[in-house]
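This is what each chain is made of:
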Amino acid sequence: MDTDTAEQLEGQIESHDLKLKELFATDPGRAAKMTVSAAGWTLDYSKNLLDTQTLTLLLKLAEKANLKTEIENMFTGKHINQTENRAVLHTALRSSKTTGLIVDGQDVYADVHTVLNKMYAFATRIRTGEWLGYTGKRIKYVVNIGIGGSDLGPAMAYQALLPYSKRTLKCFFVSNVDATHIAETLLQVKADQTLFIIASKTFTTQETMTNAQTARAWLVSKLGEAAVAKHFVAVSTNASKVAEFGINPDNMFVFWDWVGGRYSLPSAIGLSLVLAIGPRNFKRFLSGYEAMDKHFRTAPFKRNMPVLMALIGILYSNGYGADTYAVLPYDQYLVRFPAYLQQLDMESNGKSVTRDGQPVEYMTGPIVWGEPGTNGQHAFYQLIHQGTRLIPADFIGFCKSHNPIGDHHAKLMANFFAQTEALAFGKTADQCRAEGTPETLIPFKTFVGNHPTNTLLANELTPKTLGALIALYEHKVFTQGIIWNIFSFDQWGVELGKVLAGKILKELNNTSLPLHHDSSTNALIMRYRAAQQIVD
Ligand code: G6Q
């Protein structure tokens, strides 16, 4: 990050001490000026601690980081994932272009569309009943077995787009290596009507392969070995491992090493979603992504939604020292969206080394958390309103509901609008007094306000608006990574634990192996080993 500009930003924040109440009072046109629209979404960022000078400095940070060039580098397939020497081309997955992007000798668009067409053809066969299970029954259950990027995206989007899904086809998502996850799922499905999708880029991930083997053994125990071909398909980049598992290569849907796991939902990793919502809706989903991609690539930064959100995030992380931000979707269908964003943001920008391999001297990726409104209001909003920490929040809402029952939606959205108003403007001691609040209670009933929020509003949660929303956050995260001068597309931080777990697994399975860990880890393993001997 350009440290001169960052210092100027800090100075600006200290000397100006912006108050939202004053900013709104002095400029009646503030909301109109600070609202942008793109790809079916409107972002009102006026309730942020921003004035013209602050925004100018933030835009300078983007320019100093050569953001424009870096965006082009990503879209055109330069190897910007340098530590893995890979291009980063998830934007190609949702391009409507069918040819013309040659990267590393590969016609990326053509390959993408070949796989999409294969997914659509397969989904149609399942959905129309042309593809039957081994005993001749229609597929009624889909179990996606994957983890991380091969789970969170499809699980979130399936939930989000339930109103568009074929309700006679129920999808389950198994990720945890804890046997409870697969065991409880298998209790809810029937072997002869279940399709398992083994979703793993590498096809070596411990959790996924363990669950896949358990599912396979379960199916074979019910229907016999010959049934596997009709009930298992794979999504992977690793053809030989898929064949080794016993899945017919015809039933393998490929993707490529330039698709990062957490960016892979619009690739074949979205197969369960295509099965659920059908090819037509999946194409609309991709078109939403594409609309936001175009906006990000072409809009001037001061009207560019992902860039503005990124800069606002940097303002709070680096200027105000905020550790976290909350994502608060006012839509029950988006219940998994915060979890999805946690991976997207925290795995991408949870880095402390610059692209030159030096320790960073400033804060990078924030902690992301959240729950759907209005549930959060009855739980943690207290701390946002009256606690001691600054917690910027993104409020995400829709003008129309998929379930227009009575006045549920009006009530939901009344809360949605009320919360950002209350957070921004608070309630003064005088207002409390005017309501007759006893003097002793005034300190407790006062709201200082000045808590910043973004409001993201769309007409309706549709495949298209969901695609655009995901792309918005992807590009926000990308922009922040560029400004922080970190690599957003690797995830070396997940490796160490995996290696140690492999070693400890051997020690758990073979109790005669000596332990050479620290005294804490040794003692914990010994306690576990001892408990295995105890019979109740
Ligand atoms: C995402 C990460 C990670 C990955 C999982 C699953 O960006 O790379 O979450 O998606 O570890 O990996 P496989 O798809 O290879 O099983």
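Refer to the structure above for everything that follows.
So, here's what we can say about the structure. (Residues numbered from 1 in each chain as written. Predicted model: local features only at pLDDT ≥ 70, side-chain atom pairs only at ≥ 80, totals over all residues. Heavy atoms only, no water.)

**Remarks on the site of the ligand**
Point 1. Taken together, 13 residues lie near the ligand, and S150, S200, T202, T205 and Q343 sit nearest.
Point 2. Within the side chain of T202, one N or O atom sits 2.6 Å away from an oxygen atom of the ligand.
Point 3. Relative to its unbound accessible area of 400 Å², the ligand is 86% covered by the protein chains.
Point 4. When atom positions are compared with the pocket grids, the ligand is found to occupy the largest pocket.
Point 5. Residues belonging to the shell around the ligand are distributed by class as follows: 1 nonpolar, 9 polar and 3 charged. (Near = heavy atom within 4 Å. Polar contact = N/O pair within 3.5 Å; in protein donor to acceptor, adjacent residues only side chain to side chain. Areas by Shrake-Rupley, 256 points an atom, 1.4 Å probe, with all protein chains shown as cover. 1 Å grid on protein atoms, 1.4 Å probe; cavity = no way out; pocket = protein on both sides within 12 Å on 5 of 7 lines; lining within 4 Å. Sits in = over half its atoms within 2 Å of the grid points. Nonpolar A, V, L, I, M, F, W, Y, C, P; charged D, E, K, R; others polar.)

**Observations concerning empty space enclosed by the protein**
Point 1. Counted according to the given criterion, the structure contains 2 cavities of 30 Å³ or more.
Point 2. Along the walls of the largest cavity sit 18 residues, with G313, Y316, Y325, P392 and K476 positioned nearest its centre.
Point 3. For the lining of the largest cavity, the elements supplying multiple residues, two or more each, are α13 (305-319), β10 (324-329), β12 (393-398), β13 (453-458) and α19 (463-484).
Point 4. Ranked by residues supplied to the lining of the largest cavity, first place goes to α13 with 5 residues.
Point 5. For the lining of the largest cavity, the per-class residue count stands at 9 nonpolar, 7 polar and 2 charged.
Point 6. Estimated volume of the second largest cavity: approximately 40 Å³.
Point 7. As for the second largest cavity, its lining consists of L93, V112, V115, L116, M119, V254, W256, P266, S267 and A268. (Points joined across faces, edges and corners; volume = space filled by probe spheres on them. Helix = DSSP H or I, 4+ residues; strand = E, 2+ residues; numbered from the N terminus.)

**Side note on the nonpolar core**
Nonpolar side chains in soluble globular proteins tend to end up buried together.
Point 1. Formed by 127 residues in total, the largest nonpolar core has its most connected members in F337 and Y473.
Point 2. Once residues within four sequence positions are removed from consideration, Y473 is found in contact with M309, Y325, V327, F337, L341, L344, D394, I396 and L456.
Point 3. In terms of nonpolar packing, the next biggest core, distinct from the first, is built from 26 residues, V174, L219, L223 and A234 among them. (Core = buried A, V, L, I, M, F, W, Y, C linked by side-chain atoms within 4.5 Å. Buried < 20%, exposed > 50% of the residue type's maximum accessible area, 1.4 Å probe, protein only. Contact = heavy atoms within 4.5 Å.)

**Digging into the pairing of strand β5 (residues 141-145)**
Point 1. Where burial is concerned, most of β5 is hidden: 5 out of the 5 residues are buried.
Point 2. The alternating pattern of β5 places Y141, V143 and I145 on one face and V142 and N144 on the opposite face, and all of these are buried.
Point 3. Pairing of β5 with strand β6 (residues 170-174), which is carried by 5 bridges, proceeds in the parallel orientation. Within β6, the residue paired with I145 across the bridge is V174.
Point 4. Once you follow β5 into helix α7 (residues 152-160) and on to β6, the crossover reads as right-handed.
Point 5. Strand direction decides the pairing type here: β5 and strand β7 (residues 194-199), joined by 5 bridges, are parallel. Residue pairing in the sheet places Y141 in a bridge with T194 of β7. (Pairing = 2+ DSSP bridges. Right-handed = clockwise from strand over helix to strand, strands pointing away.)

**Remarks on the packing of helix α14 (residues 337-349) against α19**
Point 1. Their axes nearest at 10 Å, the elements α14 and α19 cross at an angle of 20°. Judged by the angle between their axes, α14 and α19 are roughly parallel. Seen along the crossing, α14 lies across α19 with a hand that is right-handed. Residues F337, Y340, L341, L344, D345, S348 and N349 of α14 form the contact with α19, whose participating residues are L469, I470, Y473, E474, K476, V477, Q480, G481 and W484.
Point 2. Grouping the constituent residues of the contact of α14 with α19 by class yields 9 nonpolar, 4 polar and 3 charged. (Axes fitted to C-alpha atoms, helices over the stretch in contact; angles between N-to-C directions. Parallel < 35°, antiparallel > 145°, perpendicular 65-115°, else oblique. Left-handed = near helix turned anticlockwise from the far one by under 90°.)

**Let's talk about the packing of aromatic side chains**
Point 1. Tallied over the full model, the rule gives 26 aromatic pairs.
Point 2. For the pair F282 and F285, a centre-to-centre distance of 5.6 Å together with 50° between the ring planes defines the contact as tilted. Remark: F285 and F282 occur in helix α12 (residues 271-298); sequence separation between them is 3 residues, near one turn of the helix. The same class applies to F282 as to F285, namely buried. (Phe/Tyr/Trp six-rings, centres within 6.5 Å; stacked < 30°, edge-to-face > 60°.)

**So, the layout of surface pockets**
Point 1. The volume enclosed by the largest pocket comes to roughly 990 Å³.
Point 2. Lining of the largest pocket is provided by 39 residues; of these, T205, E347, Q491, V494 and K498 occupy positions nearest its centre.
Point 3. Every element with two or more residues in the lining of the largest pocket is listed here: α9 (206-223), α14 and α20 (495-509).
Point 4. Sort the elements by how many residues they give to the lining of the largest pocket and α20 lands first, with 4 residues.
Point 5. The residue inventory of the lining of the largest pocket, partitioned by class, reads 12 nonpolar, 18 polar and 9 charged.
Point 6. By volume, the second largest pocket amounts to about 360 Å³.
Point 7. Taken together, 16 residues form the lining of the second largest pocket, with Q332, S401, H408, H409 and L412 sitting closest to its centre.

**Remarks on the side chain of T465**
Point 1. Turning to its location among the elements, T465 is positioned in helix α19.
Point 2. For T465, a relative accessible area of 8% translates into the label buried.
Point 3. Excluding residues that lie within four positions of it along the chain, T465 makes contacts with G40, W41, F398, A458 and E460.

**Some words on the sheet that holds β12**
Point 1. Strands sit in the order β1-β2-β13-β12-β10-β11 across an open sheet of 6 strands; the sheet is mixed. Single-partner strands in this sheet number two, and they are β1 (35-38) and β11 (367-369). With direction set aside, neighbouring strand axes in the sheet form an average angle of 20°.
Point 2. The pairing of β12 with β13 spans 6 bridges and is parallel. Bridging from a neighbouring strand, A393 pairs with T453 of β13.
Point 3. On the sheet, helix α16 (residues 408-425) packs against β12 and β13 and is oriented at approximately 155° with respect to β12.

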